[in-house]
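Structure assessment
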Amino acid sequence: MIDLRSDTLTRPTEAMRAAMANAEVGDDVYGEDPTVARLEERVAAMFGHEAALFVPTGSMGNVLAVRSLVAPGQEVLCESRAHIARAELGAHGAYSGITMRTWIDPRGQVDLPTIRSLFAPDMGPFFVPTAAISVENTHNFAGGAVLPIGDLRDLREFATGVGARIHLDGARIWNAHVATGTPFEEYGAIADVLSVCLSKGLGAPVGSVLVGSSAAVAEARVWRKRMGGGMRQVGILAAAGLHALDHHVERLADDHAHARLLAEACGVDPASVDTNIVVVDRSDAADFVAAARAEGVAVATVGPTAVRMVTHLDVSRDDADKAAAVLARL
Ligand SMILES: Cc1ncc(COP(=O)(O)O)c(C=O)c1O
């Protein structure tokens, strides 16, 4: 089976497993795991922020990041198909007591005029105040679309002007960096708090990193423990993340090229595919998925008429060619 359902399906390489096996460890709840500390310091520096926190999942990273900016009873604005709105099972409401309002953009982009019109200043006991704006780069359900740095800078300027803060869901910020050449620090500069994932295209088995000010990270550390996310000799997992940062960032360009091959096979303009995700609109989505599976290609529905395919570390050029031939025939 050529598995294109998600870039979370990658298995650790032999070299990554060796790095994990040899990791120096300590009890991270006591702040004594040197490998975790190295990962946190490295990722914080990459994005030009003071501090970082290793967390088990992107969802936990997002929940802790957003709650560091938005208090109970306040709201965050985001695009309607943002992962935080659509795929975290209501965690931000359930755990953090915050609400969301959304703008709609087919490519998940920053729509500044609409964001301006949605923004609610604190007007006392009448309206929910907007504390933060969240953006997702790349945007998963918008087909891995990149948010251009110029638009993010404009959003930063607006947010600073009205006193709102910015959360960046950077689960796939590595893909945005490779696709555009934008330095990580420039992405870091537009956000107050980011969450970045090691377990998507980078191929680590587990792990995300929350990045922000020392104060935000100290508070997130308390909430991580409160939510049951305090982990012990977890340098074994941080070592996988460090290995991924050393070896699996620049190769994402291959995944992007493979995604364009798949797009072409499915009648999607390859120029519209920014990174490693292709979403195809098909009224027969479920049947299409079943037919592809019967021919050895696993793809997934992400809506009643949306089929998603994602390229990753475990999909070679040969696999991409074979999958493209099957998909084109179907
Ligand atoms: C954009 C985005 N953010 C956050 C997450 C959550 O990551 P996790 O599955 O590790 O909770 C995902 C997962 O696919 C994602 O695509």
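Structure: above.
These remarks concern the structure in this document.

Reading the values: the criteria
Residues numbered from 1 in each chain as written. Predicted model: local features only at pLDDT ≥ 70, side-chain atom pairs only at ≥ 80, totals over all residues. Heavy atoms only, no water. Phe/Tyr/Trp six-rings, centres within 6.5 Å; stacked < 30°, edge-to-face > 60°. Helix = DSSP H or I, 4+ residues; strand = E, 2+ residues; numbered from the N terminus. Buried < 20%, exposed > 50% of the residue type's maximum accessible area, 1.4 Å probe, protein only. Near = heavy atom within 4 Å. Polar contact = N/O pair within 3.5 Å; in protein donor to acceptor, adjacent residues only side chain to side chain. Areas by Shrake-Rupley, 256 points an atom, 1.4 Å probe, with all protein chains shown as cover. Nonpolar A, V, L, I, M, F, W, Y, C, P; charged D, E, K, R; others polar. Expected span 1.5 Å × (residues − 1). Contact = heavy atoms within 4.5 Å. Patch = residues over 30% accessible without salt bridge, like charges linked within 9 Å, V, L, I, M, F, W, Y side chains within 5 Å. Salt bridge = Lys/Arg side-chain N within 4 Å of Asp/Glu carboxyl O. Pairing = 2+ DSSP bridges. Axes fitted to C-alpha atoms, helices over the stretch in contact; angles between N-to-C directions. Parallel < 35°, antiparallel > 145°, perpendicular 65-115°, else oblique. Left-handed = near helix turned anticlockwise from the far one by under 90°.

1. What about the packing of aromatic side chains?
- Going through the model one piece at a time under the given rule, you end up with four aromatic pairs.
- Between the aromatic rings of F119 and F158, the centroid separation amounts to 5.9 Å while the plane-to-plane angle is 85°, which identifies the pairing as edge-to-face. Here F158 lies in helix α7 (residues 149-162) and F119 lies in the loop between α6 (112-118) and β5 (130-136), a separation of 39 residues in the sequence.
- Using a relative accessible area of 16% as the deciding quantity, one classes F119 as buried.

2. Considerations on the site of the ligand
- Around the ligand, a shell composed of T57, G58, S59, N62, H83, E88, E136, N140, D169, A171, R172 and K200 is seen.
- Interatomic distance of 2.7 Å between a side-chain N/O atom of D169 and a nitrogen atom of the ligand.
- Within the complex, the protein chains bury 84% of what would otherwise be the 390 Å² of accessible surface of the ligand.
- Per-element accounting of the shell around the ligand gives the leading share, three residues, to helix α3 (residues 58-69).
- In the shell around the ligand, the residues fall into one nonpolar, six polar and five charged.

3. Examining helix α11 (residues 235-247)
- Relative to the 18 Å expected for 13 residues at 1.5 Å per residue, α11 spans 18 Å between its end C-alpha atoms, a close match to the ideal helical length.
- Counting buried positions along α11 gives ten out of 13 residues, so the element sits mostly inside the fold.
- Looking at the buried positions of α11, the neighbouring elements they touch are α1 (14-21), α2 (34-46), β2 (51-55) and α8 (173-180).

4. Concerning a nonpolar patch on the surface
- Taken together, the side chains of M123, F126 and F127 present a nonpolar region at the surface, about 380 Å² in accessible area.
- Mapped onto the fold, F126 is located in the loop between α6 and β5.

5. Considerations on the sheet that holds strand β11 (residues 300-303)
- Judged by pairing direction, the sheet is antiparallel, and its three strands sit side by side in the order β9-β12-β11 without closing on themselves. The sheet terminates laterally at β9 (277-281) and β11, the two strands that pair on one side only. Strand-to-strand, the axes of this sheet are offset by a mean angle of 35°, without reference to chain direction.
- Direction of pairing for β9 relative to strand β12 (residues 306-310): antiparallel, over a ladder of five bridges. Its bridge partner lying in β12, D281 is registered against A306.

6. Things to note about the packing of α8 against helix α12 (residues 252-265)
- Two numbers describe how α8 lies on α12: the axes approach to 9 Å, and their chain directions differ by 80°. Our classification of the angle between α8 and α12 gives roughly perpendicular. In this structure, α8 uses W174, N175, V178 and A179 to contact α12, whose residues at the interface are L252, A253 and H256.
- Here the residues of the contact of α8 with α12 sort into five nonpolar, two polar and no charged.

7. Here's the deal with the environment of G108
- Mapped onto the elements, G108 comes out in the loop between β4 (99-103) and α6.
- On a C-alpha basis, the gap between G108 and E136 in space is 7.8 Å, while along the polypeptide they are 28 residues apart.
- Every residue in contact with G108, bar those within four places of it in the chain, is listed here: E79, R81, H139, A142 and L147.

8. Brief notes about the packing of α1 against α11
- Interhelical geometry of α1 versus α11 gives an angle of 135° and a closest axis separation of 8 Å. In terms of axis orientation, α1 runs oblique to α11. Between α1 and α11 lies a crossing of right-handed hand. Counted together, A15, M16, A19 and M20 of α1 and I236, L237, A239, A240, H243 and A244 of α11 form the full contact between these two elements.
- By residue class, the composition of the contact of α1 with α11 is nine nonpolar, one polar and no charged.

9. Thoughts on the pattern of salt bridges
- Considering all chains together, one arrives at 16 salt bridges under this definition.
- Residue R67 is joined to E219 by a salt bridge in which the shortest nitrogen-to-oxygen separation is 3.0 Å. Within this pair, whereas R67 is found in helix α3, its partner E219 is found in helix α10 (residues 214-226), the two being separated by 152 residues in sequence.
- With a closest N to O distance of 2.8 Å, R101 and E75 form a salt bridge. Within this pair, whereas R101 is found in strand β4, its partner E75 is found in strand β3 (residues 75-79), the two being separated by 26 residues in sequence.

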